[in-house]
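Chain by chain, the residues:
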Amino acid sequence: MVAEKKHKDAVATIEVEADEKTTLKCTLKAPSRGTLEAALSKMGLNGGQAEIITAGEIVLRGCWIEGDKEILDNDTYLVPAALQAYSLIDLKEAVLKKT
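Residues numbered from 1 in each chain as written. Predicted model: local features only at pLDDT ≥ 70, side-chain atom pairs only at ≥ 80, totals over all residues. Heavy atoms only, no water.

Visitor: Got a minute to help me understand the pattern of salt bridges in this structure?
Guide: Pairs may arise between side chains of opposite charge once their charged atoms sit close together. Here the structure, examined in full by the defined rule, presents four salt bridges. The partner of K25 in a salt bridge is E15, with the nearest N and O atoms 3.8 Å apart. Taken together, the positions of K25 in strand β2 (residues 23–29) and E15 in strand β1 (residues 10–17) put the pair ten residues apart, joining distant regions of the chain. On the basis of relative accessibility, which here comes to 17%, the residue K25 falls in the buried class. In this structure, D90 and K92 form a salt bridge, with 3.5 Å as the shortest nitrogen-oxygen distance. Assigned by exposure class, D90 and K92 land together as exposed. (Salt bridge = Lys/Arg side-chain N within 4 Å of Asp/Glu carboxyl O. Helix = DSSP H or I, 4+ residues; strand = E, 2+ residues; numbered from the N terminus. Buried < 20%, exposed > 50% of the residue type's maximum accessible area, 1.4 Å probe, protein only.)

The structure is reproduced here in structure tokens:
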């Protein structure tokens with residue numbers, strides 16, 4: 001397990017229970033525009049099928065600062081972490097008003 005450190009760009013920590021005594025952790029920064037664009041392309045916004053786990057994995061890998069690498073290397077930990085990382089996609093509402 002990686003020792004917890006404060007990082008100036010950190011916006012979230014994800015914890016995944018490995019077993020009764022071990023919790024794996026990773027620290028994430030805010031997604032960049034490139035990470036958001038890649039993740040949004042998997043969300044089915046243009047009529048395609050949403051790939052939520054893939055979108056979350058893109059965010060997880062693109063925003064990773066530090067943490068237990070087992071999260072990235074083992075699907076047992078990657079899937080729940082990716083589903084949590086997906087929630088970092090926070091889009092503001094925009095309205096188009098034609099004149």
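Visitor: In this structure, what is going on with the sheet that holds β2? I would like to understand it.
Guide: On the basis of which strands lie adjacent, the open sheet formed by three strands has the order β1-β2-β3 and antiparallel pairing. The two strands at the open ends of the sheet, each matched to only one other strand, are β1 and β3 (64–67). Here the average twist between neighbouring strands, direction ignored, is 20°. Sheet topology note: the β2/β3 ladder contains three bridges and is antiparallel. (Pairing = 2+ DSSP bridges. Axes fitted to C-alpha atoms, helices over the stretch in contact; angles between N-to-C directions.)

Visitor: Help me out: how do you make sense of the environment of A30 in this one?
Guide: Counting through the fold element by element, A30 comes out in the loop between β2 and α1 (33–40). Look at A30 and you get partly exposed, because its relative accessible area is 43%. Separated by 17 residues in the primary sequence, A30 and G47 place their C-alpha atoms 27 Å from one another. Once you skip the residues sitting within four places of it in the chain, A30 turns out to touch D9, V11 and C63. (Contact = heavy atoms within 4.5 Å.)

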